[in-house]
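Architecture and fold: a report
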Amino acid sequence: MIPSPPVRTPGSMTTPTLRTIATDEHLVKLWLSGRPVTTRRVYLAEATSFLDFLANGLRSATTADVLVYAESITGASATRARRISTLKSLLGFAAKVGYTSTNIGTVLRVPKIIGRLHERLLAESEVTGMIKEAASGRNRILLRLLYLSGLRITEAVGIRWIDLGPAGISVVGKGSRARTVAVPKDLLVELRSLRLVNESDTTRVFKVAKGTPLSVRQARRIVSTAALEGIGRPASPHWLRHAHASIALEKGCPLHVLRDSLGHASISTTSRYLGVRPASGRP
């Protein structure tokens, strides 16, 4: 098992070289350094799978090895695209730091993702149905937050009291990018109603009965239950983010404003919501 890397510090930003990288495992550790925890976990799994596939290690790998491994990757187009992109990143890094003589990942082509976003869009009436069926208090407020803010589920459950401002919520999203998301004032009032006496500013907003932070898994279950009871089909928290984005554009929100609110690194990611919702407002 490849150990998880330490968080990169300002004094460790020098580019590693062949002389300082002894093994494949060391290379992977450096490649992952400084990335968000969730990203490291996903990338580490792919790197481990690829290295286990190789007979004699990364330095002896050939383009044929890479192509055969890539061909063995199955699953949905988005899954295959993510895994191959991860592999290309690793191989590119290995060549950049001189661990390998050439970048054998250039032969890889990332599969085109088959767009199925329209299948995961919720109508406003469906969002309303989900919120209505959620238990009052924490669960209903969580669903309202996910829809009205467009936050990722990890961002939502990570909110602390200190993050609630007079007109928005401060969050740190993918790539450790900080942003402030504007939300209705009545939602902020509802969020603050969850605060217990003597809770510090750094206490999480969403908690379970015993006071420990609500986990991502528990939050997903809350949304899934509300969807099954409210609209009769499963839905994930990300569906509420999709609904927020597509309906915001439908109502005239500028693309660059939505990009900043959602925390997208590129406006091309945000633009995929353009035109996916029929004029009738139905998904």
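Residues numbered from 1 in each chain as written. Predicted model: local features only at pLDDT ≥ 70, side-chain atom pairs only at ≥ 80, totals over all residues. Heavy atoms only, no water.

1. Observations regarding the side chain of glutamate 199
- Residue placement: glutamate 199 occurs in the loop between helix H8 (185-192) and helix H9 (216-230).
- Leaving out residues up to four positions away in the same chain, glutamate 199 has contacts with Trp161 and Lys207. (Helix = DSSP H or I, 4+ residues; strand = E, 2+ residues; numbered from the N terminus. Contact = heavy atoms within 4.5 Å.)

2. Quick word on the packing of aromatic side chains
- Counting across every chain of the model gives 3 aromatic pairs.
- Ring geometry for phenylalanine 53 versus tyrosine 69: centroids 5.3 Å apart, planes at 55°, classification tilted. A residue pair is termed long-range when its members are at least 10 positions apart, and phenylalanine 53 in helix H2 (residues 37-53) and tyrosine 69 in helix H3 (residues 63-72) qualify at 16 residues.
- A network of ring pairs unites the aromatic residues Phe50, Phe53 and Tyr69 as a single cluster. (Phe/Tyr/Trp six-rings, centres within 6.5 Å; stacked < 30°, edge-to-face > 60°.)

3. Observations regarding the nonpolar core
- One finds Leu143, Leu145, Ile169, Leu191, Phe206 and Leu240 to be the most contacted residues of the largest nonpolar core, which totals 40 residues.
- Mapped by element, the contributors of at least two residues to this core are helix H5 (124-133), helix H6 (138-149), helix H7 (153-157), strand E1 (168-172), H8, H9 and helix H10 (237-250).
- For this core, the leading source of residues is H6, giving 6 residues.
- If we skip the residues at most four places from it in the chain, leucine 143 touches Met130, Ile131, Ala134, Ile222, Val223, Ala226 and Leu240.
- If you look at the next biggest cluster of nonpolar residues, it comprises 26 residues, including Leu27, Ile84, Leu87 and Ile104. (Core = buried A, V, L, I, M, F, W, Y, C linked by side-chain atoms within 4.5 Å. Buried < 20%, exposed > 50% of the residue type's maximum accessible area, 1.4 Å probe, protein only.)

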